[in-house]
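Descriptive structure summary
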Amino acid sequence: MTHFQLTTCLLRPWREGDEEPLSRHASNRNIWNWVRDFFPYPYSIRDASSWVRSNRTSQLPNNLAIEVDGEAVGNVGFTVRDDIYRFNAEVGYWLSEKYWGRGIISEVLPVLVDYIFKNSQVNRIYACVLEGNEGSMRVLERAHFRHEAIHRKAAVKNNHFLDEHIYAILREEYRARKNQLS
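We now turn to the structure provided with this report. (Residues numbered from 1 in each chain as written. Predicted model: local features only at pLDDT ≥ 70, side-chain atom pairs only at ≥ 80, totals over all residues. Heavy atoms only, no water.)

Some words on the packing of aromatic side chains
Applying the stated criterion across every chain yields a total of seven aromatic pairs. With a centroid separation of 6.5 Å and an interplanar angle of 85°, the aromatic rings of Trp14 and Trp51 are classed as edge-to-face. In this pair, Trp14 is assigned in the loop between strand 2 (10–12) and helix 1 (19–26) and Trp51 in helix 3 (residues 45–54), connecting sequence segments 37 residues apart. Considering the side-chain rings of Phe39 and Tyr43, the 5.2 Å spacing of their centres and the 50° angle between planes classify their relative orientation as tilted. Grouped by ring-pair contacts, the aromatic residues Phe4, Phe78 and Tyr115 constitute a single cluster. (Phe/Tyr/Trp six-rings, centres within 6.5 Å; stacked < 30°, edge-to-face > 60°. Helix = DSSP H or I, 4+ residues; strand = E, 2+ residues; numbered from the N terminus.)

What to know about the environment of Val76
For Val76, the location among the structural elements is in strand 4 (residues 71–80). Using a relative accessible area of 1% as the deciding quantity, one classes Val76 as buried. Considered as a pair, Val76 and Glu173 are 97 residues apart in the sequence and their alpha carbons are 21 Å apart. Not counting chain neighbours up to four residues away, the residues in contact with Val76 comprise Leu11, Asn62, Asn63, Leu64, Ile66, Gly92, Tyr93, Val108 and Leu112. (Buried < 20%, exposed > 50% of the residue type's maximum accessible area, 1.4 Å probe, protein only. Contact = heavy atoms within 4.5 Å.)

Digging into the nonpolar core
Judged by nonpolar contacts, the single largest core of 36 residues is most densely connected at Ile66, Val91, Ile125 and Phe145. Those elements giving two or more residues to this core turn out to be strand 3 (63–68), strand 4, strand 5 (88–95), helix 4 (104–119), strand 6 (124–130), helix 5 (134–142) and strand 8 (160–170). Of the residues forming this core, the biggest block, ten residues, is contributed by helix 4. Counting 13 residues, the second-largest nonpolar core is a separate cluster that includes Trp32, Ala48, Ala65 and Trp94. (Core = buried A, V, L, I, M, F, W, Y, C linked by side-chain atoms within 4.5 Å.)

Quick notes on the side chain of Glu164
In this fold, Glu164 is placed in strand 8. Lacking a salt bridge, the buried Glu164 has Arg36 as its closest oppositely charged neighbour, with an N-O distance of 4.2 Å. Those residues within four positions of Glu164 in sequence are excluded, and the remaining contacts are Arg36, Cys128, Val129, Ala149, Ile150, His151 and Ala154. (Lys, Arg positive; Asp, Glu negative; His and termini not counted. Salt bridge = Lys/Arg side-chain N within 4 Å of Asp/Glu carboxyl O.)

Focus on the pairing of strand 8
A large share of strand 8 lies buried, amounting to eight of its eleven residues. Strand direction decides the pairing type here: strand 6 and strand 8, joined by seven bridges, are antiparallel. The residue bridging Leu130 from the neighbouring strand is Glu164, located in strand 8. Bridge count for strand 7 (residues 146–157) against strand 8 is eight bridges, and the pairing is antiparallel. Paired with Ala155 across the two strands is Leu162, which belongs to strand 8. Once strand 7 ends, the chain turns through two residues before running back antiparallel as strand 8, passing Asn158 with a positive phi of about 55°. (Pairing = 2+ DSSP bridges.)

Quick notes on the environment of Asn119
Locating Asn119 in the fold gives a position in helix 4. Placed 59 residues apart in sequence, Asn119 and Leu60 show a C-alpha to C-alpha distance of 8.3 Å.

A look at the sheet that holds strand 6
Backbone-to-backbone hydrogen bonds join strands into a sheet, with any given pair of strands oriented parallel or antiparallel. As summarised here, the arrangement of the eight strands in space is 1-2-3-4-5-6-8-7, forming an open sheet in which the pairing is mixed. The sheet is open, and its two borders are formed by strand 1 (4–5) and strand 7, each paired with just one other strand. Sheet topology places strand 3 next to strand 4; six bridges connect them, and they run antiparallel. Across the sheet, residue Val68 finds its bridge partner in strand 4, namely Glu71. Contacts from helix 6 (residues 171–181) reach strand 7 and strand 8 within the one sheet, and its direction differs from that of strand 8 by about 55°. (Axes fitted to C-alpha atoms, helices over the stretch in contact; angles between N-to-C directions.)

Structural measurements only, silent on function.
As structure tokens, this is what we get:
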């Protein structure tokens, strides 16, 4: 299975038993304010059960639980697009507010980028960040994503139109960076 033991956490596939901590950590308005509306709020045990069930796979998972102190406290994942965008993957992540500011996502994101480029034919990995989410923007910049665009007032969250910031890294940029570090 896919497990990554990092300094700040363990990345691993979702598994039975994650439902209660997932529901407890994810049911937070301060998290929900920065994610897409399909992420439920409040986040019930039923929502957590559905998520865990849909992400249990023997193949290479595209969503990984972020485990700290033996509990699933967040998620990092990606979706490969289709049609003319089939070589693009969108990444997303969330983390329990209790663990914000500890460098966890900053450590996790480069591992996910490496995982995607090593296990797929994806050429471009990108992330969409809502206006005001400065922490997420800094995480992406530290992971060498480039700020590509601002889609002005493209998103609606909490009945407000917000700018959407697009960050991306290309396979060739990733390779060049890896070669610099070798």
